[in-house]
Amino acid sequence: MSVVAEAVLPLSAPRRRRVSFRAVFGLSALLLIGGSAVFAPQLAPWDPGKQMLLKRLRAPMWQERGLREHPLGTDHLGRDILSRILYGGRISLGVGLTAVTLSALIGVSLGLVAGFFGGRADALIMRIVDVFLAIPYILLAMGVVFALGPSLLNVILVMGATRWVQFARIVRADVLSLREREFVAGARARGNRSLRLLLRHVLPNALTPIIVVATLELAFMIIYESALSFLGLGVQPPTPTWGWMLADGRNYVATAWWLATFPGLAIMLTVLAVNLLGDWLRDTLDPRLKV
Amino acid sequence: MALLSVEGLRTQFDTSAGTVRAVDGVSFAIERGEVLGLVGESGCGKSVTSLSIMRLVPPPGRITAGRVRLEGEDLLDKDGEAMRRVRGARMAMVFQEPMTSLNPVFTIGDQIAAAVQAHAGVGRRAAWERAVEMLDHVQVPAPRERAREYPHQLSGGLRQRAMIALALAPGPQLLIADEPTTALDVTIQAQILDLLRRLQAERGMGVLLITHDLGVVAEVCHRVAIIYAGRIVEMAPVASIFSAPMHPYTRGLLRSLPHPSRFGQPLSSIDGAPPDLRRIGGGCRFAPRCPYVRDSCRADEPALIEREPGHLVACPW
């Protein structure tokens, strides 16, 4: 008797929202990183560009040759690593977020149109996607940046314009199956316009893969930006970026590990937090997975 | 003037394997407050007929001939935008599968409220109240709480009620119900049919009920049209269909139902299979399976003629 009651009760009891570790960790880590990027001018102990050649390649403060005033050490020009990471976060996160937003806007719209309307629009859009997939995106980015000149805006535009195909393909594939679902046919039979069918009935149901791709892409964009910076095509030094610091620190990795390690940790922590948050968002946004 | 009149409707699908004439010269009319049953086996053109009336036949299907009039207005002449305004507002549709006919990411209250807003131009709060009223109207228990639930949280019967509320919210005069109870179990079926009949009577709606279940027909329809291979073979008031069927196909269908007087005997079936809709020549489409077939049946396609008042049949014998 009691066994039956126990088995039935959880279903009828009001649902409790369990605090998820992924959400708490992801959100707080991202808030911490985002906050420290926003408030970098207030938080940073040093000017990130200030060179102090007498204090070159100092280790973090807990090590033997460390200095109290440089908690994470200094680089080969005697610049404070902590300050540079704080300032670099502004570029990495800002560029990553805007580039992902841009590429999602382009890719999702084109994917929706291709999948929903099919026919010529689909053929045309997917051929463009094939072209973009055939050309290595770094090569494409190099060409464009060479032509337009390296600047923050151009870097963002190039990143958005080369990665949208990821969104377009995923969205198109999902829309192809969604448009055949009965609730879409039903909505059409209630006299909804195509645009409304797309925005209210198709897009919300395709959100899950879009969010997952967006988080993966945000992580990718941070690394993409670093790669472009490394090639001299991204944000130009002396503006500090995580990618540049990582690339720069490579040369000293045997003797001064902290140059590459701390920006690398910053990238890793950010990417991890974004992925955890995306994972949690996906589960929460999909009502079918709610318990 | 009839609420809906369909005259000589032809819908065909041009495929690489040939032209499929799914609906081939179908004519019928529905009056206000009337329930017409459209009965036939799988693939005989029932659903294509309903989609043709809504002008929602998926490509490569297209309507090649005929007239569809709603309150005298020709629907086949309307442009896309005018047709869109007719859908939902003046004629609505309920589908077979309540599991997949509701948008999984919105609550049912949201979905009904959106349908109300689209057609009535009322505010958000008023539309929500109207949605709750509609749910109450289709006898969903605790409608205020249910309105906040997602489709996956409801049972099949409740979902179909929500579908009906959604279809009826804008106040259409014609409801097309495409096998509305096929996916439900028998007790729920009876409840949904009761509900449909009650709503239809209250609102004086015309209903086109598509089904393959003669039991459903007997319960809710005023008149019945039997469709075979894309053509109506018999159309009559529901009582005459059951008491005095004229077409051999109708008789075959009725004989295949279990009946107390034939208890213990195996159920009878109609020999053969429906014809390939890509290869239909002259002559009666049922001739190859008809136990009473004569030579002349194979030569000319019999016309649908009124043999008795209100009882039409496409068989001269």
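Remember, it's a predicted structure, so these values are computed and weren't measured experimentally.

Examining the interface of chain B and chain A
- With 20 residues of chain B at the contact, the number on the chain A side is 14 residues.
- For the side of chain B that touches chain A, the secondary structure elements donating two or more residues are helix H2 (80–86) and strand E6 (91–94) of chain B.
- Counted by class, the side of chain B that touches chain A contains 11 nonpolar, five polar and four charged residues.

Details of the sheet that holds strand E1 (residues 4–15) of chain B
- Across the sheet, four strands lie side by side as E2-E1-E4-E5 (chain B); this open sheet has antiparallel pairing. Looking at the sheet topology across the chains shown, the edges are occupied by strand E2 (18–30) and strand E5 (73–74) of chain B.

Observations regarding helix H3 (residues 108–120) of chain B
Residues and elements named next belong to chain B.
- If you check H3, its first and last C-alpha atoms are 18 Å apart, about what 13 residues at 1.5 Å a residue would give, namely 18 Å.
- Taken together, the buried positions of H3 are occupied by Ile108, Gly109, Gln111, Ile112, Ala113, Ala114, Ala115 and Val116.
- The elements touched by buried residues of H3 are helix H4 (124–137), helix H5 (143–146) and helix H6 (156–168).
- Positioned one or two residues after H3, Gly121 has a phi angle of 60 degrees, which is positive.

Side note on the pairing of strand E8 (residues 206–211) of chain B
All names here are of chain B.
- In terms of residue burial, E8 counts as a mostly covered element, since six of its six residues are buried.
- Here E8 shows two buried faces, one formed by Gly206, Leu208 and Ile210 and the other by Val207, Leu209 and Thr211.
- The sheet contact formed by strand E3 (residues 35–39) and E8 spans five bridges and is parallel. If you follow Leu38 over to E8, its bridge partner there is Ile210.
- In this structure, strand E7 (residues 174–178) lies alongside E8, joined through five bridges in parallel fashion.

Side note on the sheet that holds E3 of chain B
Residues and elements named next belong to chain B.
- Spatial ordering of the open sheet is given by E6-E7-E8-E3-E9-E10-E12-E11, a layout of eight strands whose pairing is mixed. Edge positions in the open sheet fall to E6 and strand E11 (305–308), since each of these has one partner strand only. Adjacent strand axes in the sheet meet at a mean angle of 20 degrees, parallel and antiparallel pairs treated alike.
- Relative to strand E12 (residues 311–313), strand E10 (residues 231–237) runs antiparallel, the two being bridged by two bridges. Considered in E12, the bridge of Glu234 is made with Val313.
- Of the strands in this sheet, E6 and E7 touch H6, which is tilted by about 170 degrees from E6.

Comments concerning unusual backbone geometry
Residues and elements named next belong to chain B.
- The residue after Pro59, namely Pro60, is reached through a cis peptide bond having omega 10 degrees.
- Despite not being glycine, Arg55 has its phi angle at roughly 55 degrees, a positive value.
- Mapped onto the secondary structure, Arg55 falls in the loop between helix H1 (46–54) and strand E4 (61–70).

Considerations on the nonpolar core
- If you look at the biggest cluster of nonpolar residues, it comprises 160 residues, and the most contacted ones within it are Ile112, Ala131, Ala165 and Ile232 of chain B.
- At 16 residues, the largest contribution of residues to this core is made by helix H4 (residues 81–117) of chain A.

Some points on the pairing of E11 of chain B
- Here three bridges tie E11 of chain B to E12 of chain B, and the two strands are oriented antiparallel to one another. Residue Glu306 of chain B lies in a different strand from E12 of chain B, and its bridge partner there is Leu312 of chain B.

Topic: the confidence of the model for chain B
- With 100% of its residues at a pLDDT of 70 or more, chain B shows a mean pLDDT of 87.
- The ipTM assigned to the predicted complex is 0.80, against a pTM of 0.77.

Some points on the confidence of the model for chain A
Residue and element names in this part refer to chain A.
- In this model, chain A carries an average pLDDT of 82, and 91% of its residues clear a pLDDT of 70 or more.
- Here helix H1 (residues 2–12) is the element of chain A with the lowest mean pLDDT, 42, and helix H5 (residues 119–134) is the one with the highest, 92.
- Every residue in residues 1–15 scores below 50 in pLDDT, and together they form zero contacts with partners more than four places removed in sequence or on other chains.

About the criteria used
- Residues numbered from 1 in each chain as written.
- Chains lettered and ligands numbered in written order.
- Predicted model: local features only at pLDDT ≥ 70, side-chain atom pairs only at ≥ 80, totals over all residues.
- Contact = placed C-beta atoms within 7 Å.
- Helix = DSSP H or I, 4+ residues; strand = E, 2+ residues; numbered from the N terminus.
- Nonpolar A, V, L, I, M, F, W, Y, C, P; charged D, E, K, R; others polar.
- Pairing = 2+ DSSP bridges.
- Expected span 1.5 Å × (residues − 1).
- Buried ≥ 20, exposed ≤ 12 C-beta atoms within 10 Å, placed from the backbone.
- Axes fitted to C-alpha atoms, helices over the stretch in contact; angles between N-to-C directions.
- Core = buried A, V, L, I, M, F, W, Y, C linked by C-beta atoms within 7 Å.
- pLDDT = per-residue confidence, 0-100.

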